[in-house]
Amino acid sequence: MGNLGAYQDITKLIKTLGGPAKAGTLLIGGTLAAGGLITVGAQKAAKAIMKAIENSRHQRPPCPTLGRSFTVHTAGTDEQGLEFREEDTYTVLECDGDAILVEITSNSDNPHFVSGVFLSSISDYPAPPEIPEPDLE
């Protein structure tokens, strides 16, 4: 008896719509329409996301050292405690500003983010370009 009220409500709704055939047609048509709207919305969202990703790639300058390998000439430890030994080699996997993602050849625990300024102080990694101070006079 608990769900008899819901059954009666559904029966009244089907009678109001003109019978089971018309109610089924409306249900299927409504489902198709909703599915179509969801599909169109998802396609627009996917295009917007892809455009945003493409725009973010163009805003960031390319990594000039991407894929290149460098050799450590002076042993050192960075701020996070990552140790570099003389003659270690590492490969640049990605860079964003001063954050450089490297893979150290002799280290099984890779990759690591390291400061580009630190890398240029211990290896043949190129020093970042000097940015002139603005003249405030």
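Source: prediction; values computed, not measured.

**Student:** Lay out the overall build of the chain with the relevant residues and their values.
**Tutor:** In terms of regular secondary structure, the chain is built from three helices and six strands. Taken across its 137 residues, the chain has 20% of its residues classed as buried. Taking as baseline every contact in the chain between residues at least 6 positions apart, the subset at least 24 positions apart corresponds to 36%. When the accessible surface of the chain is summed, it comes to about 10,500 Å², and 61% of that surface belongs to carbon and sulfur atoms.

**Student:** Requested: an account of the side chain of His112, with residues and values cited.
**Tutor:** In this structure, His112 sits in strand E6 (residues 112-115). Within the local environment of His112, its side chain forms a polar contact with the backbone oxygen of Asp109, the two atoms lying 2.4 Å apart.

**Student:** Tell me what's going on with the pairing of strand E5 (residues 99-104), and back it up with residues and numbers.
**Tutor:** Relative to E5, strand E4 (residues 89-96) is paired through six bridges, and the arrangement is antiparallel. Along E5, the bridge assignment pairs Asp96 with Ala99. Remark: two residues form the turn of the hairpin made by E4 and E5, two consecutive strands paired antiparallel; Gly97 in that turn has positive phi of roughly 65°. Here E5 runs beside E6; their pairing, made up of four bridges, is antiparallel.

**Student:** Any details on the state of the cysteines? Residues and values, ideally.
**Tutor:** Under the counting rule described, the total for this entry stands at one disulfide. Each disulfide pairs two cysteine sulfurs, and for Cys63 the partner residue is Cys95, the sulfurs being separated by 2.0 Å. Because the sign of the S-S torsion sets the handedness, a value of about 135° for the bond joining Cys63 and Cys95 places this disulfide among the right-handed ones. Taken together, the residues Cys63 in the loop between helix H2 (20-59) and strand E1 (69-71) and Cys95 in strand E4 connect sequence positions 32 residues apart. Summarising the burial analysis for this pair, Cys63 and Cys95 share the class buried.

**Student:** Mind laying out the nonpolar core, listing which residues take part and the relevant values?
**Tutor:** By size, the foremost hydrophobic cluster in this structure holds 16 residues, and its most contacted members are Phe84, Tyr90, Ile100, Val114, Leu119 and Tyr125. Contributing elements (two or more residues each) for this core: E4, E5 and helix H3 (116-122).

**Student:** I'd like a rundown of the packing of aromatic side chains, residues and numbers included.
**Tutor:** All chains considered together, the criterion is met by four aromatic pairs. Summarising the aromatic geometry, the rings of Phe70 and Tyr90 are spaced 5.8 Å apart at their centres and angled 35° between planes, so their arrangement reads as tilted. Residue Phe70 is found in strand E1, and its partner Tyr90 is found in strand E4; the two are separated by 20 residues along the sequence. One aromatic cluster in this structure is built from Phe70, Phe84, Tyr90, Phe118 and Tyr125.

**Student:** Explain the sheet that holds E5 to me, and be specific about the residues and the numbers.
**Tutor:** Strand order in the open sheet made by the four strands is E1-E4-E5-E6, with antiparallel pairing throughout. Single-partner strands in this sheet number two, and they are E1 and E6. Across the sheet, the mean angle from the axis of one strand to that of its neighbour is 45°, orientation sign disregarded.

**Student:** I'd love a proper account of helix H1 (residues 4-17), names of residues and values included.
**Tutor:** In a regular helix each residue adds 1.5 Å, so 14 residues correspond to 20 Å; H1 covers 20 Å between its end C-alpha atoms and thus fits that length. With zero of its 14 residues buried, H1 lies for the most part at the surface. Phi for Gly18, located one or two positions after H1, is positive at around 105°.

Rules and cut-offs
- Residues numbered from 1 in each chain as written.
- Predicted model: local features only at pLDDT ≥ 70, side-chain atom pairs only at ≥ 80, totals over all residues.
- Heavy atoms only, no water.
- Helix = DSSP H or I, 4+ residues; strand = E, 2+ residues; numbered from the N terminus.
- Buried < 20%, exposed > 50% of the residue type's maximum accessible area, 1.4 Å probe, protein only.
- Contact = heavy atoms within 4.5 Å.
- Areas by Shrake-Rupley, 256 points an atom, 1.4 Å probe, with all protein chains shown as cover.
- Polar contact = N/O pair within 3.5 Å; in protein donor to acceptor, adjacent residues only side chain to side chain.
- Pairing = 2+ DSSP bridges.
- Disulfide = S-S within 2.5 Å.
- Core = buried A, V, L, I, M, F, W, Y, C linked by side-chain atoms within 4.5 Å.
- Phe/Tyr/Trp six-rings, centres within 6.5 Å; stacked < 30°, edge-to-face > 60°.
- Axes fitted to C-alpha atoms, helices over the stretch in contact; angles between N-to-C directions.
- Expected span 1.5 Å × (residues − 1).

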